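Working through the structure, step by step
Here are the chains, one letter per residue:
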Amino acid sequence: MDISLNGAPHRFDGASLIELLAAQAIDQGKPGVAVAINDEIVPRAEWATAALKPGDTVEIVRPHSGG
Amino acid sequence: MSKIDALPVLTPVLTIAGESFGSALMAGTAGYPNRQVMLDALAASGAEIVTVSIRRVDLSGPRESLVDLLSGTYRLLPNTSGCATAKDAVLTAGLAREALGTNWVKLEIVADRETLYPDAEQLLKAAATLVGQGFAVLAYANDDPVTCERLADIGCAAVMPLGAPIGSGLGILNPFNIETICRRLTAPVILDAGIGTASDAARAMELGCSGVLLNTAIAKADDPVGMATAMRLGVAAGRGARLAGRIPKRLYAEASSPELGLIGS
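Cut-offs applied
Residues numbered from 1 in each chain as written. Chains lettered and ligands numbered in written order. Predicted model: local features only at pLDDT ≥ 70, side-chain atom pairs only at ≥ 80, totals over all residues. Heavy atoms only, no water. Salt bridge = Lys/Arg side-chain N within 4 Å of Asp/Glu carboxyl O. Helix = DSSP H or I, 4+ residues; strand = E, 2+ residues; numbered from the N terminus. Buried < 20%, exposed > 50% of the residue type's maximum accessible area, 1.4 Å probe, protein only. Axes fitted to C-alpha atoms, helices over the stretch in contact; angles between N-to-C directions. Parallel < 35°, antiparallel > 145°, perpendicular 65-115°, else oblique. Left-handed = near helix turned anticlockwise from the far one by under 90°. Contact = heavy atoms within 4.5 Å. Nonpolar A, V, L, I, M, F, W, Y, C, P; charged D, E, K, R; others polar.

Attention now moves to the pattern of salt bridges. Taken as a whole, this structure holds ten salt bridges over all chains when the rule is applied. Here Lys30 of chain A makes a salt bridge to Asp68 of chain B, at a shortest N to O gap of 3.0 Å. Of the two residues, Lys30 of chain A is situated in the loop between helix 1 (17-23) and strand 3 (34-37) and Asp68 of chain B in helix 2 (residues 66-70); the pairing between them involves two chains. Residue Asp192 of chain B pairs with Lys106 of chain B through a salt bridge whose shortest N-O separation is 2.8 Å. Residue Asp192 of chain B is located in strand 9 (residues 190-192), and its partner Lys106 of chain B is located in strand 6 (residues 104-107); the two are separated by 86 residues in the primary sequence. Take Asp192 of chain B: its relative accessible area is 5%, and that puts it in the buried class. What makes Lys106 of chain B buried here is its relative accessible area of 3%. One salt-bridge network, held together by shared partners, links Lys106, Glu108 and Asp192 of chain B.

This is the structure:
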């Protein structure tokens, strides 16, 4: 399916968030990462069950340097 | 050890959202020449709270983690920098809470790219929403006593007026406003933005601020570690001077030596 991932178009062969995170080598056991789908935050406890559909906008964020 | 290094640290010196800290200096993590200088400067500053931004993971790049580097030693305070609307700031705060497991957030909503001045309207809206969602909101604000009072009334854990535009190093442009804000609010007032050198940080504390937040003044100094040390001392000096109760300013001289027993009188 075609989704938007961190602001760029992304073709993705899976159907769920957890597959996307694995494909992007996001360490799901490590803190310091947060995910939103279509501007809704997906809590870590729901990562395993969140589904994706074509056209979804996914943001994967983490802390960065800042003042 | 020189005498000045042996100055006692007054602890605890800063209380925000029911938590006490031994340092009134909060530091940012941006703009350092490299990671090691950042770590050394933060250590020299004595800061216990450091700010971070929330940004997209670079999916094609290395996965270095600021959290790994800092979270064991410092309390991380995520900011909503880059947000121009209350909606974006509320989403970013939520993502920060998820990523870091903290309900603290530095709320920063900027209206104007040239001055980086806060958007007061969006700021008040976002603050109300985030306080309602259980966040401890530390609100970066303009140096306007009216807006600062409104932020405190909404329930912000701290109000953070700027001294001057972010990164400008101009110091405290309106000390009268800062003093008024400190006098009127019971919430902690943290001077955030515009500090350029140690005397600016000391001045903020003398005006009544509970603490200061600075980044560029340390990160972009010729010697960031040296400046971080100077800032630590400046904040302690300013706080100590305020607690000691300064003499009033007079229009006329008052001789300090006694007037009695003068030769020739």
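Once the structure has been displayed, the description carries forward.
Residue and element names in this part refer to chain B. One way to put it is that helix 4 (residues 120-132) packs onto helix 5 (residues 145-154) with a least axis distance of 9 Å and a crossing angle of 15°. Taken together, the axis directions place helix 4 and helix 5 in an arrangement best described as roughly parallel. The element helix 4 and its partner helix 5 pack so that their crossing is right-handed. Listed contacts from helix 5 to Ala120, Leu123, Leu124, Ala127, Ala128 and Val131 of helix 4 are Thr147, Arg150, Leu151 and Ile154. Per-class residue counts for the contact of helix 4 with helix 5 are eight nonpolar, one polar and one charged.

A few words now on unusual backbone geometry. Even without glycine at this site, Asn38 of chain A takes up a positive phi of about 55°. Residue classification places Asn38 of chain A among the partly exposed positions, given a relative accessible area of 34%. Despite not being glycine, Ala17 of chain B shows a phi value in the positive range, around 50°. Looking at the secondary structure, you find Ala17 of chain B in the loop between strand 1 (14-16) and strand 2 (19-21). Ala17 of chain B sits in the partly exposed class, given a relative accessible area of 44%.

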